[in-house]
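Observations on chain architecture
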Protein chains: 2
Amino acid sequence: MAMTIRDIAREAGVSTATVSRALRGLPNVDPVTREKVRQVAERLDYVVSPAASRLASGRAGSIAVITPYIARWYFARVLSGIEGVLQASDLDLLLSSIGDPGETGHVPPHRKLRRRVDGFLVISLPTETEGVSEIFDLDQPVVLIDTDHDGCSSIGIDDVAGARMAVQHLINLGHERIALISGRPRPTPFRPEDNRFIGYRDTMVEAGLRIDPDLEACGHFTIEGGERAMTSLLARANPPTAVFAMSDEMAFGALRSLRAHGLEPGRDVSVVGFDGHEMSEHLDLTTVVQPVEEIGARAARLLLARLDDPQAPPKHDVLPLDMVVRGSTALRRR
Amino acid sequence: MAMTIRDIAREAGVSTATVSRALRGLPNVDPVTREKVRQVAERLDYVVSPAASRLASGRAGSIAVITPYIARWYFARVLSGIEGVLQASDLDLLLSSIGDPGETGHVPPHRKLRRRVDGFLVISLPTETEGVSEIFDLDQPVVLIDTDHDGCSSIGIDDVAGARMAVQHLINLGHERIALISGRPRPTPFRPEDNRFIGYRDTMVEAGLRIDPDLEACGHFTIEGGERAMTSLLARANPPTAVFAMSDEMAFGALRSLRAHGLEPGRDVSVVGFDGHEMSEHLDLTTVVQPVEEIGARAARLLLARLDDPQAPPKHDVLPLDMVVRGSTALRRR
DNA sequence: TTGTACGCGTTATCAC
DNA sequence: GTGATAACGCGTACAA
């Protein structure tokens, strides 16, 4: 039933070696021979056996994408960007989600993936995550998204600068009590959270504003979390007039909380998000826009490049950010 | 460097055959021997070579998920559900997106995936889609989500019933001019769209209401599309007092359009969505809730079952729907 | 430019 | 319960 390389060789009147060379586009094959082999292969509907090919060549023919989540907005989009690039390559995309480090059901991917991929693409996960840290010892190419590590290519955005844009925007509007809706309690192993905090802190300090610990709340990067965070911020003795949320989804929750308290975003409390989520336009949310799919695409290309030439030095790409100002931010009312 | 089964055999003082049996948990192995082999393998950090194993066994050790989109809400969640189940199995998850049929860049997956997977999981794509239809000839197990096909297991929801719930709800509120925001122009090869239309139409007809072709607009399952659709519906000579959108994202767009026209959802025009998107709660949207992750999980289990026993008859699961009533729907004002 | 022949690391079929 | 050993299908030195 299934054709083998021998069937093609016999039918084309050449050796299996020639078939292999011809089909893979290797040099030193007579154009006529190559064409003939191609046609026979086509006619007999031949496809190489990946298992055999991989065993013989030593290449796994696939790369693994390791991500904490699949369904969350940011991760789904990055994944989409990756897939778009890999689609055109001849590598399989193995998907492996891992969940938050420390969570139950957290599966260390390095055991499942050992010997089965040619390289790794890791989204957002801290390098010291259990199951991720072991990957570096495999000495296979690894590309990191949103963080970096010795010897690995990496890609991301300038989170410090992004947070600065957001906070400076609020400062320019006259706000002084600017709250922060962060993700997890610090210290967190997630690089973007740390950096966005640094951007927030430094911009505040440089503007001569006080960092009030009372003006920070964790939103855990979910809508509900953002809502709870905003609600608790509003309950402070001296509530903020503006909020910088580390993600759009948390900002959405914040907007909702404001409305639930009879406050109007922009007019009563200014809110800036971070991501460029499609819904931000529809919720009239000012936000720092990052090129999410492009991050995934570039990451995939970095990995392909390293697969191509493992000796090449690691590259570190930083993608530009943008800010879209909408109705959720406005001049502070006096 | 990399350990082979022979290294383990030598070290454990047994044959490679015994190592293979012991490690795979096959019967007819002395418990003592098995334990010894296990320990040696553990100590030497041995992992089987998937390529060799696959070549020898004839099993590919992986399944392919074929989806039109990765980043869209519904698909990302289904994918997440699938991955959750496959994580625990020993199968790799190969991800392949395909885009809308007919679009440019549309890559037929059957060529890339031939001989490389043990089964397919197809999300939403019509069975006649180029690149999908060929899969059925591979006689490998296929599980279809949101559609079905001879000999394949399938899973989905009762879209007709879902649409009925939505429309009946609007009728109960006294609405008569109920518009429909559909996906693509009919006839569409996507089953859910057809069925949701049928549910809409039948419910209208049974209530003695007229189906006005002027009260249908396509929203292409995007927020922007939904917004445009609503806008065009509002421009009709005799605009609707209520709208059923085939997806939450289109409903979000519709809400936005209403607000842009100074209309308040619920009070002026009632809107029902379909999906149970998290944002629907925050936008106060009444919606038909489907168990999206569960759909993916069940689909994966159906495939695992078929892989386990290819002779078993195909199963067809239908998951229950729910409706959450919120502020976007209200009694028709007279 | 082409062909021969060996090796890749397992699994599976036998015997024992 | 265990051990030889023949596939599995392809890549690739090496020879021609």
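If you're wondering where the values come from, they're calculated on a predicted model, not measured in any experiment.

As a further point, take the UniProt feature "domain: HTH lacI-type" (unreviewed entry) in chain A. This chain's UniProt record puts "domain: HTH lacI-type" (unreviewed entry) on residues 3-57 of chain A. Secondary structure over residues 3-57 of chain A splits into 69% helix and 0% strand, and the C-alpha atoms at its two ends are 20 Å apart.

Domain annotation for chain A reports domain 1 (5-48), domain 2 (60-156 + 292-319) and domain 3 (159-290). Measuring from the centre of the C-alpha atoms in domain 1 of chain A to the corresponding centre in domain 3 of chain A gives 61 Å.

Another aspect to go through is the packing of helix α7 (residues 159-172) of chain B against helix α8 (residues 191-206) of chain B. All names here are of chain B. Axis separation between α7 and α8 bottoms out at 7 Å; the angle between their running directions is 40°. Classified by the angle their axes make, α7 and α8 are oblique. In this structure, α7 crosses over α8, and the sense of that crossing is right-handed. Facing Asp159, Val160, Ala163, Arg164, Val167, Gln168 and Ile171 of α7, the residues of α8 in contact are Pro192, Asn195, Arg196, Ile198, Gly199, Tyr200, Asp202, Thr203, Met204 and Glu206. The residue inventory of the contact of α7 with α8, partitioned by class, reads eight nonpolar, four polar and five charged.

Around DNA strand D, 27 residues are found, and the nearest of them are A:Ile5, A:Tyr46, B:Thr18, B:Asp30 and B:Thr33. Each atom of DNA strand D within 4 Å of the protein belongs either to a base or to sugar and phosphate, the latter forming 70%. The separation between a phosphate oxygen of DNA strand D and a polar side-chain atom of B:Thr18 is 2.7 Å. Between DNA strand D and the protein, one listed contact pairs a phosphate oxygen with a side-chain N or O atom of B:Thr33 at 2.5 Å. If you list the elements that add at least two residues to the surface near DNA strand D, you get α2 (16-24) and α4 (50-57) of chain A together with α2 (16-24) and α4 (50-57) of chain B. Its residues assigned to classes, the surface near DNA strand D comprises eleven nonpolar, eleven polar and five charged.

Below, the discussion takes up the layout of surface pockets. Approximately 1,700 Å³ is the volume found for the second largest pocket. Every residue lining the second largest pocket is counted, 43 residues in all, and those nearest its centre are A:Arg116, B:Arg24, B:Val48, B:Ser53 and B:Asp90. For the lining of the second largest pocket, the secondary-structure elements that each account for two or more residues are α6 (109-113) of chain A together with α2, α3 (31-43), α4 and α12 (292-308) of chain B. Among the elements that line the lining of the second largest pocket, the one with the most residues is α4(B), at six residues. Of the residues in the lining of the second largest pocket, the class split is 20 nonpolar, seven polar and 16 charged.

We now examine the protein's contact with DNA strand C. Taken together, 29 residues form the shell around DNA strand C, and within it A:Thr18, A:Thr33, B:Ile5, B:Ser20 and B:Ala56 come nearest. Between DNA strand C and A:Ser15, the relevant distance is 2.9 Å, taken from a phosphate oxygen to a main-chain nitrogen or oxygen of the residue. A:Asn28 places a side-chain nitrogen or oxygen 2.9 Å from a phosphate oxygen of DNA strand C. Of all elements in the fold, only α2 and α4 of chain A together with α1 (5-12), α2 and α4 of chain B reach the threshold of two or more residues within the surface near DNA strand C. Tallied by class, the residues present in the surface near DNA strand C amount to twelve nonpolar, eleven polar and six charged.

Here the focus is the relation of the copies chain A and chain B. For the pair chain A and chain B, the superposition axis carries a translation of 0.0 Å, the fit reaches an RMSD of 0.1 Å, and the rotation angle comes to 180°. This pairing of chains is accounted for by a two-fold axis. Here 100% of the interface residues in chain A have copies in chain B that are interface residues too; the copies meet face to matching face.

About the thresholds
In this convention, every chain numbers its residues from 1, walking through the sequence in written order. Each chain takes a letter, starting from A, and each ligand takes a number, starting from 1, following the order in which they are written. Given that this is a predicted model, residues contribute local features only at a pLDDT of at least 70 and side-chain atom pairs are listed and counted only at 80 or more, while totals for whole chains, interfaces and linings are drawn from all residues. Side-chain figures throughout are based on the complete set of non-hydrogen atoms in the structure, without hydrogens or water. UniProt positions are given in the numbering used here, feature names are shortened, and annotations may be inferred rather than shown by experiment. Secondary structure counts use DSSP, requiring at least four H or I residues in a row for a helix and at least two E residues in a row for a strand, with both numbered from the N terminus. In this document the domain limits rely on a domain assignment from an automatic tool or a database. Axes, fitted as lines to C-alpha atoms, cover a helix only where it is in contact. Angles between the N-to-C directions of the axes lie from 0 to 180 degrees. Roughly parallel covers angles under 35 degrees, roughly antiparallel covers those over 145, roughly perpendicular covers 65 to 115, and oblique covers all other angles. For a crossing to be left-handed, the near helix must be turned anticlockwise from the far one by less than a right angle; the clockwise case is right-handed. What makes two residues a contact is simply this: any of their non-hydrogen atoms within 4.5 Å. Side-chain classes follow a simple rule in which Ala, Val, Leu, Ile, Met, Phe, Trp, Tyr, Cys and Pro form the nonpolar group, Asp, Glu, Lys and Arg form the charged group, and the remainder, Gly included, forms the polar group. To be near a molecule or strand, a residue needs just one of its heavy atoms within 4 Å of it. Any pair of N or O atoms that falls within 3.5 Å is considered a polar contact. Within protein, one atom must be able to donate a hydrogen and the other to accept it, and sequence-neighbouring residues count only if both atoms are side-chain atoms. Put plainly, a pocket is an open set of points on a 1 Å grid over the protein atoms alone with protein on both sides within 12 Å along at least five of seven lines, a cavity is a set where a 1.4 Å probe fits but cannot get out, and a lining residue has an atom within 4 Å of a point. Grid points are joined across faces, edges and corners, and a volume is the space filled by probe spheres set on the points. Here the copies were fitted onto each other by least squares, based on C-alpha atoms from residues at pLDDT of at least 70 in both.

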